[in-house]
Amino acid sequence: MHILEGVAALLAAIGLYVWASALHHSARAPRWARGQLFASGVGLLLVCIAPAAAGLVTYGLGEPMTTASWVGVVGLGLAPLALWAGTRG
C-alpha cells in the first residue's frame, strides 16, 4: 500500500510541475504566474513532495507485495510516460 501512496504523491508532483510549467510559459499567463515567487513556490512544493514519495515507495518495497502494491509498481512504470506526455508541446 505504501508503494501506491508513494506513486500517487509522485504523480501529484508531476501534475503540479506540468500545470505550473504550462501556466508559466503560456502567452496568456496571468501576471502572478510569470514571476519568481510562483516558480519558487512550486519548486518548494516539489522539493517537499518528491522525497516523501520516494520514501514511501522505498518503504513499500520492503513489505510483502499486495494487489495495491502491484498497481503502484505499474503506476511507477507509467510515471515517466506521464511526465513526457505532459511536457510535450
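As a reminder, the structure under discussion sits directly above these lines.
About the thresholds
- Residues numbered from 1 in each chain as written.
- Predicted model: local features only at pLDDT ≥ 70, side-chain atom pairs only at ≥ 80, totals over all residues.
- Heavy atoms only, no water.
- Helix = DSSP H or I, 4+ residues; strand = E, 2+ residues; numbered from the N terminus.
- Buried < 20%, exposed > 50% of the residue type's maximum accessible area, 1.4 Å probe, protein only.
- Phe/Tyr/Trp six-rings, centres within 6.5 Å; stacked < 30°, edge-to-face > 60°.

Chemist: Tell me what's going on with the overall build of the chain, and back it up with residues and numbers.
Modeler: Scanning the chain for helices and strands turns up three helices and zero strands. Each helix and strand of the chain, ordered N terminal to C terminal, gives the series α-α-α. Referenced to the eigenvectors of the C-alpha coordinate spread, the extents of the chain come out at roughly 50 × 25 × 10 Å. In the chain, which comprises 89 residues, the proportion classed as buried is 24%.

Chemist: Describe the packing of aromatic side chains, and please don't skip the residues or the numbers.
Modeler: Centre-to-centre distance and the angle between the planes together describe a pair of aromatic rings. Taken as a whole and assessed by the stated rule, the structure comprises two aromatic pairs. Their ring planes at 75° and their centres at 5.8 Å tell us that W19 and F38 sit as a pair that is edge-to-face. In this pair, W19 is assigned in helix α1 (residues 2–25) and F38 in helix α2 (residues 36–61), connecting sequence segments 19 residues apart. Between W32 and F38, the aromatic rings sit 5.5 Å apart at their centres with planes inclined by 75°, giving edge-to-face as the arrangement. A network of ring pairs unites the aromatic residues W19, W32 and F38 as a single cluster.

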